[in-house]
Amino acid sequence: MKEVSSGEILSLCKRRGFIYPAYEIYGGIAGLYDYGPLGCALKGNIADLWRSIYALQEGFVEIDGDSVGPEAVFKASGHVDNFADLKATEGLAIPPEITTDAKVIPTLVGRAIADGADHVDAFRRTVATFDGSVAIGATVADDPRTLLLALRGSGQGVYVGVADDLYLVASEPYGVVEECDRYLRLDGETAADPLDPTGSRGQIVVLDADRAGSLDGIRRLSYSGLDLPVVADDLHPAEVTTRDIDRGEHPHFLLKEISESPTSFRKTLRGKLVAADGGYEARLGSETFPDELRAGLADGSIDRVVVIGQGTAAVAGQALATTLIRLLPGSPLRTEARLATELSGFGLRPDMSDTLIVAVSQSGTTTDTNRTVDLVRARGATVISIVNRRGSDLTDRSDGVLYTSDGRDVEMSVASTKAFYAQVAAGVILAAAIAAEIGTSDAAAADRRRLLGSLRELPDAMEQVLATRPAIAAAAHAVAPTRRSWAIVGSGADRIAAQELRIKLSELCYKAIACDATEDKKHIDLSSEPMIIVCAAGLQGSNADDVAKEVAIYRAHKAAPIVIAAEGDERFSAALHVLSVPAVDPSLAFVLATVVGHLFGYEAALAIDASAVPLRHARAAIEQRVGGPAAADGDHLLAELRDDFAPLAARFFDGVRGGLYDGSLEAGTAVRLASLLRYGTGIAPLESYEVEHGRAGSPIALVEDLTSALTAGIEELTRPVDAIKHQAKTVTVGISRS
């Protein structure tokens with residue numbers, strides 16, 4: 001038989017209409033093709049065959065990802081720059097089917113071994129050629145009882161847990177504590193050789209399984225090859241325990257962590273407040289507030305404070321900036337809160353010795369924040385970090401460290417909550433300490449002491465808010481699933497709550513949420529008739545009166561306003577729901593509004609997820625029947641399924657009529673499900689199936705299509721709470737500014 005080349009096959013496919021070059025009238029793009037009529041049919045047949053085996057019989061679900069992406073994605077994954085450069089400079093011939101940089105590493109290591117290097121040196125020399133922040137683990141087939149680890153940069157972490165006869169490697173301490181009470185943290189940032197600060201930055205660790213659990217089995221080197229012996233003091237005690245990562249009686253880690261927020265708040269205050277006339281003063285030691293900083297603030301040589309962070313930490317930093325401005329009326333001290341990336345990109349000055357940078361981070365490993373800290377320190381700025389994790393990369397870069405909680409507060413849910421409250425507490429304390437050093441009038445000092453007294457009482461009020469969860473849940477379940485557009489607004493300090501809630505509700509409920517000033521909302525997008533959460537807990541007097549008018553305008557435009565306000569405030573009668581919080585110092589009330597919002601987001605996610613229950617049950621019925629004796633006979637299979645589908649379809653149709661799916665189920669998915677369920681329950685005859693769905697109607701075809709539609713609907717409605725959709729596909733990429 002004549003051999004046929006791939007080029008001949010490609011030519012035939014083009015002639016017969018299986019594929020056509022994409023964008024051909026514009027000259028085409030190499031490697032991109034459009035499916036022609038026969039190609040579409042072939043692709044559909046292959047998909048149907050896959051579904052008939054894996055979806056119906058094995059219970060698999062489908063995903064459909066992009067095959068073309070923006071350049072930034074391929075830069076982040078190493079396909080551009082480093083990956084391409086290595087292939088070119090090293091002359092690597094890697095099969096085109098392999099599109100990840102993972103193959104580059106063993107190829108280069110294998111080549112170094114072939115050139116005579118031992119396994120460890122071959123690995124070290126290879127990883128030293130890689131640019132950027134990396135964490136790599138490897139083993140060699142000839143020596144399977146040796147594990148090679150490499151870490152460079154601050155974008156990832158590598159921890160080696162040590163226990164009897166065991167080494168356990170993880171990217172976080174949480175991953176080792178169940179088996180190990182000690183761990184070694186690789187340092188990817190510190191240079192081992194001052195004469196070679198670039199080449200010696202990063203560490204290699206070699207683990208010997210034959211000596212597992214002992215220091216003798218751990219060999220550590222710098223990237224440049226310097227031996228860095230591991231001694232007992234290098235092993236950190238695992239302060240995080242299995243108790244810390246136990247969900248207990250809570251159904252989700254998120255609810256557990258929201259419930260623990262008052263405790264984290266109290267731990268952050270512990271030992272940092274001392275009684276004073278009419279209230280409290282902040283007391284911070286030199287490890288947090290260096291003497292040089294105190295002197296600089298007092299004599300005016302430090303006259304600028306910039307609070308930085310990313311995400312939730314940046315929002316929490318706004319509380320520090322807002323509080324400091326309040327406590328220093330008329331002061332020449334310039335105070336602002338900025339995203340770390342905004343400061344490093346657009347706010348650096350050659351000389352920043354007049355600036356105090358307060359860097360806020362939960363983990364202390366946020367790449368963008370840490371890189372910005374490096375840049376400002378190189379320009380002479382003083383840095384204080386507010387961070388949760390002891391011994392993290394950020395603490396090593398800071399002149400002073402203010403730990404939140406007790407420096408070991410664990411959050412297992414991806415959506416961080418209690419860290420925000422602890423960061424706010426730490427920020428207010430630090431703001432009060434800075435204000436005290438600068439010196440203020442007697443009236444301002446008295447205001448500072450009153451504020452810290454209110455701060456000390458705030459955890460009690462937070463616990464009162466947690467007790468109102470049933471009312472919050474009722475509002476969330478009634479409104480959230482039915483509204484496709486969401487917005488969160490606030491004025492004054494309440495904007496801090498609004499911005500934090502926008503982040504958390506976006507993460508929990510998979511919504512693109514607008515966040516605006518309350519009075520500005522009417523000028524923007526009321527035409528979308530959104531659900532609007534109005535953070536108004538700290539408003540008083542005419543400000544509250546004005547916001548009440550805004551709420552009435554929202555309602556008149558068919559929006560669904562839900563107001564968070566102080567107990568006893570009767571101004572917001574136009575709201576669809578009013579969720580009350582205890583009356584506290586107005587500048588701190590945003591904390592209570594945030595507690596309400598976090599609980600609302602949790603309950604809203606549960607409500608949306610619960611709407612998928614009839615769809616999950618219908619798919620489960622298909623899976624069970626397909627595995628039973630009726631599966632071979634399509635008519636018998638469909639007859640049995642109709643009994644299963646009837647109550648589930650009725651529940652789904654009731655939800656559609658009631659607007660339950662308006663907020664989160666795509667219209668096309670809802671229409672397809674409704675149609676297929678009518679056929680599945682026998683309401684519509686299979687004879688008309690082809691007209692509506694484009695393929696011949698048969699019991700098997702119906703079951704396949706319904707399974708596919710149910711899976712799509714379930715995917716659109718599922719809210720896992722403690723995880724985030726696409727989380728496994730994301731890559732931590734930091735800025736590369738200098």
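Structure report, in brief. Bear in mind the structure is a predicted one, so any value in this text is a computation, not a measurement.

Some points on the overall build of the protein chain
From N to C terminus, the protein chain includes 24 helices and 22 strands. The buried share of the protein chain, reckoned over its 738 residues, is 48%. A separation threshold of at least 6 residues defines the contact pool for the protein chain, and within that pool the share at least 24 residues apart is 65%. For the protein chain, the exposed area adds up to about 33,700 Å²; of that, 52% sits on carbon and sulfur atoms.

Some thoughts on the sheet that holds strand β13 (residues 304–309)
Read across the sheet, five strands follow the order β14-β13-β15-β16-β17 without closing on themselves; strand pairing throughout is parallel. One side of each edge strand has no neighbouring strand; the edge strands of this open sheet are β14 (334–339) and β17 (400–403). Strand-to-strand, the axes of this sheet are offset by a mean angle of 20°, without reference to chain direction. Here strand β16 (residues 382–387) pairs with β17 via four bridges, running parallel. Its bridge partner lying in β17, Ile386 is registered against Leu402.

Topic: the environment of Arg326
By secondary structure assignment, the location of Arg326 is in helix α10 (residues 312–327). For Arg326, a relative accessible area of 28% translates into the label partly exposed. Distance in space between the C-alpha atoms of Arg326 and Ala431 is 9.6 Å, their sequence separation being 105 residues. With residues near it in sequence (within four places) discarded, Arg326 still touches Asp447, Leu451, Asp585 and Ser587. One polar contact links Arg326 to Ser587, side chain to side chain, over a distance of 2.4 Å.

Digging into the nonpolar core
Formed by 91 residues in total, the largest nonpolar core has its most connected members in Phe265, Val358, Leu430, Trp486 and Phe600. Residues contacting Val358, with those up to four places away along its chain left out, are Val305, Val306, Val307, Ile308, Leu320, Ile384, Ile386 and Leu430. Listed in part, the 32 residues of the second largest apolar core include Ala621, Tyr661, Leu686 and Leu710.

Quick notes on helix α6 (residues 119–127)
Listed in full, the buried residues belonging to α6 are Val120, Ala122, Phe123, Arg124, Thr126 and Val127. On its buried face, α6 is in contact with α5 (104–114), β3 (134–140), β4 (143–152), β8 (203–208) and β9 (218–222). Capping of α6 at its N-terminal end is provided by Asp118; its side-chain oxygen lies 3.1 Å from the backbone amide nitrogen of Val120.

Some details on the side chain of Asp354
Looking at where Asp354 falls in the secondary structure, it is placed in the loop between α11 (340–346) and β15 (355–361). Residue Asp354 is classed as buried on the basis of its relative accessible area, which comes to 17%. There is a polar contact of 3.0 Å between the side chain of Asp354 and the side chain of Arg349. Aside from chain neighbours lying at most four places away, what touches Asp354 is Ser301, Ile302, Asp303, Arg304, Arg334 and Arg349.

Looking at the sheet that holds β9
Judged by pairing direction, the sheet is antiparallel, and its four strands sit side by side in the order β3-β4-β8-β9 without closing on themselves. Every interior strand has two partners, whereas the edge strands, β3 and β9, have only one. The average angle at which neighbouring strand axes cross in this sheet is 15°, direction not considered. Sheet analysis places β4 next to β8, joined by six bridges and oriented antiparallel. Looking at β8, one finds that Leu147 is bridged to Leu207.

Thoughts on the packing of α10 against helix α14 (residues 418–438)
Where α10 meets α14, the closest approach of the two axes is 8 Å, and the angle between their N-to-C directions is 30°. Taken together, the axes of α10 and α14 are roughly parallel relative to one another. The two elements α10 and α14 cross, and the hand of that crossing is right-handed. Here α10 contributes Thr312, Ala313, Val315, Ala316, Ala319, Leu320, Thr323, Leu324 and Leu327 to the contact with α14, which in turn contributes Phe420, Gln423, Val424, Gly427, Val428, Leu430, Ala431, Ala432, Ile434 and Ala435. Taken together, the residues of the contact of α10 with α14 break down into 15 nonpolar, four polar and no charged.

Examining the state of the cysteines
The term disulfide refers to a covalent linkage connecting the sulfur atoms of a pair of cysteines. Per the counting criterion, the structure on display carries zero disulfides. With no disulfide of its own, Cys535 lies 8.0 Å from the sulfur of Cys515, the closest cysteine sulfur.

With respect to the pairing of strand β11 (residues 273–276)
Across four bridges, the pairing between β11 and strand β12 (residues 279–282) is antiparallel. In the strand pairing of β12, Val274 is matched with Glu281. Here β11 folds back onto β12 in antiparallel fashion, the turn holding two residues, of which Gly278 has a positive phi close to 75°.

Overview of the environment of Thr372
Mapped onto the elements of the fold, Thr372 is located in helix α12 (residues 367–378). With relative accessibility at 0%, the residue Thr372 sits in the buried group. Through-space distance from the C-alpha of Thr372 to that of Gly309 is 9.4 Å; in sequence the pair is 63 residues apart. Side-chain polar atoms of Thr372 contact the backbone oxygen of Ala340, separated by 3.1 Å.

A few points about the packing of α14 against helix α15 (residues 442–466)
Between α14 and α15, the shortest axis-to-axis distance is 10 Å and the interhelical angle comes to 170°. Accordingly, the angle class assigned to the pair α14 and α15 is roughly antiparallel. Along the contact surface, α14 presents Tyr421, Ala425, Val428, Ile429, Ala432, Ala435 and Ala436, while α15 presents Arg448, Leu451, Leu452, Leu455 and Met462. Taken together, the residues that form the contact of α14 with α15 break down as 11 nonpolar, no polar and one charged.

Thoughts on the pattern of salt bridges
A full pass over the atoms with the stated rule returns 42 salt bridges. Two residues, Glu666 and Arg484, come together in a salt bridge whose shortest N-O distance is 3.9 Å. Of this pair, Glu666 sits in the loop between α21 (634–657) and α22 (667–680) while Arg484 sits in the loop between α16 (469–479) and β18 (486–490), and the two are 182 residues apart along the sequence. Using a relative accessible area of 45% as the deciding quantity, one classes Glu666 as partly exposed.

Side note on unusual backbone geometry
Phi at Glu529 takes a positive value of approximately 50°, unusual for a residue other than glycine. Mapping Glu529 onto the fold places it in the loop between β19 (514–517) and β20 (531–535). Accessibility expressed as a relative area gives 34% for Glu529, which makes it partly exposed. A positive phi angle is found at Lys558, which is not glycine, with a value near 65°. With respect to the helices and strands, the residue Lys558 is situated in the loop between α18 (541–556) and β21 (560–566).

About the thresholds
- Residues numbered from 1 in each chain as written.
- Predicted model: local features only at pLDDT ≥ 70, side-chain atom pairs only at ≥ 80, totals over all residues.
- Heavy atoms only, no water.
- Helix = DSSP H or I, 4+ residues; strand = E, 2+ residues; numbered from the N terminus.
- Buried < 20%, exposed > 50% of the residue type's maximum accessible area, 1.4 Å probe, protein only.
- Contact = heavy atoms within 4.5 Å.
- Areas by Shrake-Rupley, 256 points an atom, 1.4 Å probe, with all protein chains shown as cover.
- Pairing = 2+ DSSP bridges.
- Axes fitted to C-alpha atoms, helices over the stretch in contact; angles between N-to-C directions.
- Polar contact = N/O pair within 3.5 Å; in protein donor to acceptor, adjacent residues only side chain to side chain.
- Core = buried A, V, L, I, M, F, W, Y, C linked by side-chain atoms within 4.5 Å.
- Parallel < 35°, antiparallel > 145°, perpendicular 65-115°, else oblique.
- Left-handed = near helix turned anticlockwise from the far one by under 90°.
- Nonpolar A, V, L, I, M, F, W, Y, C, P; charged D, E, K, R; others polar.
- Disulfide = S-S within 2.5 Å.
- Salt bridge = Lys/Arg side-chain N within 4 Å of Asp/Glu carboxyl O.

Everything listed here is a matter of coordinates, which is why it stays silent on function.
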